[in-house]
Amino acid sequence: MKSPDINVNFDNINNVIIDDGYEILCDILSRLPAKSLMRFKCVCKGWRLIIQEDSYLINLHLARLQNKENRSTTLLISPVHECSPLGCTERKMTFFSAEEKLSSGGIPLLACQRRFCSGISVPYSNYDGSMLKPINGLACFTDTYLGSVLIYNPSTGEKTSWIQTTTPELLKDEYQKHKQNLLEITYECEFGFGFDPTTKKHKVVCVCLVTRVSKDDFVTSHETIGEVLTVGSNIWRRTDDVPPFMVTDEQSVYVNGYIYWKCSEDIPNGSSFIMGFDVSSEKFNRAIEIPYFILDTMHRRSTKLVEVDGHLALLDREEDHSINLWIHNDKKQQGIMTTSNRNNSKNYDVHGDGGGSWIKEIIPMPYPLVVRSYLAFEAITGTDLIVLKPFRQPIELECLHYYDRKNKEYCKKKQIDNITKSSDDHISPDLGYDVTAFSGSLLHVSD
């Protein structure tokens, strides 16, 4: 069968003139991994413009990316902590990747390919942040010290500069005006990265706790400031909606249109809550109660929020031989919580009926955990698989373990090759690596 002819006017990609073969071409290209499409830009000028600029192909590729069945997933492996050698002014954040082909049955087929993924330059002296979990092929790096973020697409190589929130500069100006009365003004920034399903835009939210200290060393005020950035425009804007209690310094989690944090302090009635930020409305309008029977068994220092196949979950290391996974079912009973914290009264949708909305799963460890060792945990969306990597272990330092939640057994163990400390990386492998599922996209980071 003869391939259809494709006629393209290259003067302006927004005015491309193309025959019926255009939709066929886009349908074919949309089924391919982003890494392959980057190579195919070299085929001809027409393909380069379509792959790089055509919104129909980019959106179609994204729609197929969000399909859970038969998609390729890359595991990004990054160090939890890097040492800053003396005399260095910047570093490259080092990432490695391992390709996984996940079948509809959920069993990984090893691709046996490892490649260097990316390098992001950050100041050694100031950097105090992390990479938030990628969404639709975009990653968000945060610098909590400077209150800045950087948006990066590892597939296309596009990245923004570091975009600082407006709060640090405003506080600096405030201090200069009132320094005769103020000893210092400090701030703590926490970031969340999410996707707005209504506008199809990615957003970053910053929650900043500001503390003002007077000359006589008394705290004169606490203030919570919220800012939101829409990826593309990349401009921070203030929001009047802030959580009633300061969120913890643990990493946030995005699940189904909401960004979640654990509250750093208890609600006055004695309950503990997880606060949810609606990415579409840009409101903190959801509170999920953590039942007492979970709190009684949790070791709070080793508990963190995770996402498990479209559900919010709490991960708790009960013992050295197992971990508890508490999965939240948001279709259960709801109520209303009213707060009057920080001079305003507000209602929140409360999810939780005292126990029925949480399901407990016990996951045995492949071998005992060392006390206070780091544990990498990643649930592969669309499957029953969880990837686990314990660290500071006396054996198998470079192995990933795949746990099948449905069959309640470890179904695979994979060796990680070539991730070692080098003179350039300044990585201490015994401190641990994060393992993050990633699927490449063609999305742009700037309009």
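Given the structure is predicted, the values throughout are model-derived calculations rather than measurements.

The subject of this paragraph is the overall build of the protein chain. In terms of helices and strands, the protein chain carries six helices and 28 strands. By sequence separation, contacts in the protein chain at least 24 residues apart represent 55% of the contacts at least 6 residues apart. When the accessible surface of the protein chain is summed, it comes to about 21500 Å², and 49% of that surface belongs to carbon and sulfur atoms.

Right, let's get into the packing of helix 3 (residues 45–53) against helix 4 (residues 55–65). At their nearest, the axes of helix 3 and helix 4 sit 6 Å apart, and the two run at 60 degrees to each other. Here helix 3 is positioned oblique relative to helix 4, judged by the angle of their axes. Regarding helix 3 and helix 4, the two cross each other, and that crossing is right-handed. Across the interface between the two elements, I50, I51, Q52 and E53 from helix 3 touch S55, L57 and I58 from helix 4. Taken together, the residues that form the contact of helix 3 with helix 4 break down as four nonpolar, two polar and one charged.

Between its first and last C-alpha atoms helix 5 (residues 167–178) spans 16 Å; for twelve residues at 1.5 Å apiece the expected length is 16 Å, and the two agree. Taken as a whole, helix 5 has its buried residues at T167, P168 and L171. Taken end-on, helix 5 shows its buried residues confined to a sector of 90 degrees, consistent with a single buried face.

The next subject is the packing of aromatic side chains. Enumeration over the complete set of coordinates arrives at eight aromatic pairs. Centroid distance Y22 to Y56: 5.9 Å. Interplanar angle 40 degrees. Geometry classified as tilted. Taken as a pair, Y22 in helix 1 (residues 21–29) and Y56 in helix 4 lie far apart in primary sequence, 34 residues in all. Taking 6.3 Å as the distance between ring centres and 65 degrees as the angle between the ring planes, the aromatic pair formed by F40 and W47 counts as edge-to-face. Given the relative accessible area of 27%, F40 is considered partly exposed. Residue classification places W47 among the partly exposed residues on the basis of a relative accessible area of 26%. Here the aromatic residues W261, F277 and F284 are joined through ring pairs into a cluster of three or more. Here the basic side chain of R286 rests over the ring of Y258, its NZ or CZ set 3.9 Å away from the ring centre.

This next bit is on the sheet that holds strand 24 (residues 375–379). Spatially, the four strands line up as an open sheet ordered 24-25-26-27, and their pairing is antiparallel. Whereas interior strands pair on both sides, the edge strands pair on one side only; in this sheet they are strand 24 and strand 27 (409–415). Each strand axis lies, on average, 20 degrees off the axis of its neighbour in the sheet, ignoring direction. Judged from the six bridges that link them, strand 26 (residues 399–404) and strand 27 form a sheet pairing that is antiparallel. Following the sheet pairing, D404 is matched in strand 27 by E409.

Attention now goes to the side chain of T383. Relative to the elements of secondary structure, T383 occurs in the loop between strand 24 and strand 25 (385–390). Among the polar contacts made by the side chain of T383, one reaches the main-chain carbonyl oxygen of I380 at a distance of 2.8 Å.

This next bit is on the packing of helix 1 against helix 4. One can describe the packing of helix 1 onto helix 4 by two numbers: an axis separation of 9 Å at closest approach and a directional angle of 40 degrees. One finds that helix 1 runs oblique with respect to helix 4. With respect to the hand of their crossing, helix 1 and helix 4 are arranged in right-handed fashion. Each of Y22, C26, D27 and L29 in helix 1 lies in contact with helix 4, whose residues at this interface are Y56, L57, L60, H61 and R64. The class makeup of the residues in the contact of helix 1 with helix 4 is six nonpolar, one polar and two charged.

Counting buried positions over the seven residues of strand 16 (residues 272–278) gives seven, a clear majority of the element. Of the two faces of strand 16, the one holding S272, I274, G276 and D278 and the one holding F273, M275 and F277 are both buried throughout. In this structure, strand 15 (residues 258–262) lies alongside strand 16, joined through five bridges in antiparallel fashion. Paired with W261 across the strands is M275, a residue of strand 16. Sheet topology note: the strand 16/strand 17 (residues 283–290) ladder contains seven bridges and is antiparallel. Across the sheet, S272 pairs through a bridge with I290, a residue of strand 17. A loop of four residues connects strand 16 with strand 17, the two strands running antiparallel in sequence, and E282 in this loop sits at a positive phi of about 60 degrees.

In this section: the confidence of the model for the protein chain. Chain-level pLDDT for the protein chain is 76 on average; 67% of the residues reach the 70-or-more range. Across residues 335–345 the pLDDT falls below 50, and counting only partners more than four positions away or on other chains, this stretch makes 30 contacts in the model. Within the model, the stretch residues 420–430 combines pLDDT values under 50 with 20 contacts to residues more than four positions away or in other chains.

The phi dihedral of N136 is positive, around 55 degrees, even though this residue is not glycine. One can find N136 in the loop between strand 6 (129–135) and strand 7 (138–143). Notably, K408 is not glycine yet its phi reads approximately 55 degrees, a positive angle. The topology assignment puts K408 in the loop between strand 26 and strand 27.

Right, let's talk about the environment of K172 for a bit. Along the polypeptide, K172 turns up in helix 5. Measuring from C-alpha to C-alpha, the distance between K172 and E184 comes to 9.8 Å, with twelve residues separating the pair along the chain.

Definitions and cut-offs
Residues numbered from 1 in each chain as written. Predicted model: local features only at pLDDT ≥ 70, side-chain atom pairs only at ≥ 80, totals over all residues. Heavy atoms only, no water. Helix = DSSP H or I, 4+ residues; strand = E, 2+ residues; numbered from the N terminus. Contact = heavy atoms within 4.5 Å. Areas by Shrake-Rupley, 256 points an atom, 1.4 Å probe, with all protein chains shown as cover. Axes fitted to C-alpha atoms, helices over the stretch in contact; angles between N-to-C directions. Parallel < 35°, antiparallel > 145°, perpendicular 65-115°, else oblique. Left-handed = near helix turned anticlockwise from the far one by under 90°. Nonpolar A, V, L, I, M, F, W, Y, C, P; charged D, E, K, R; others polar. Expected span 1.5 Å × (residues − 1). Buried < 20%, exposed > 50% of the residue type's maximum accessible area, 1.4 Å probe, protein only. Arc of directions from axis to C-beta. Phe/Tyr/Trp six-rings, centres within 6.5 Å; stacked < 30°, edge-to-face > 60°. Lys NZ or Arg CZ within 6 Å of the ring centre and 35° of its normal. Pairing = 2+ DSSP bridges. Polar contact = N/O pair within 3.5 Å; in protein donor to acceptor, adjacent residues only side chain to side chain. pLDDT = per-residue confidence, 0-100.

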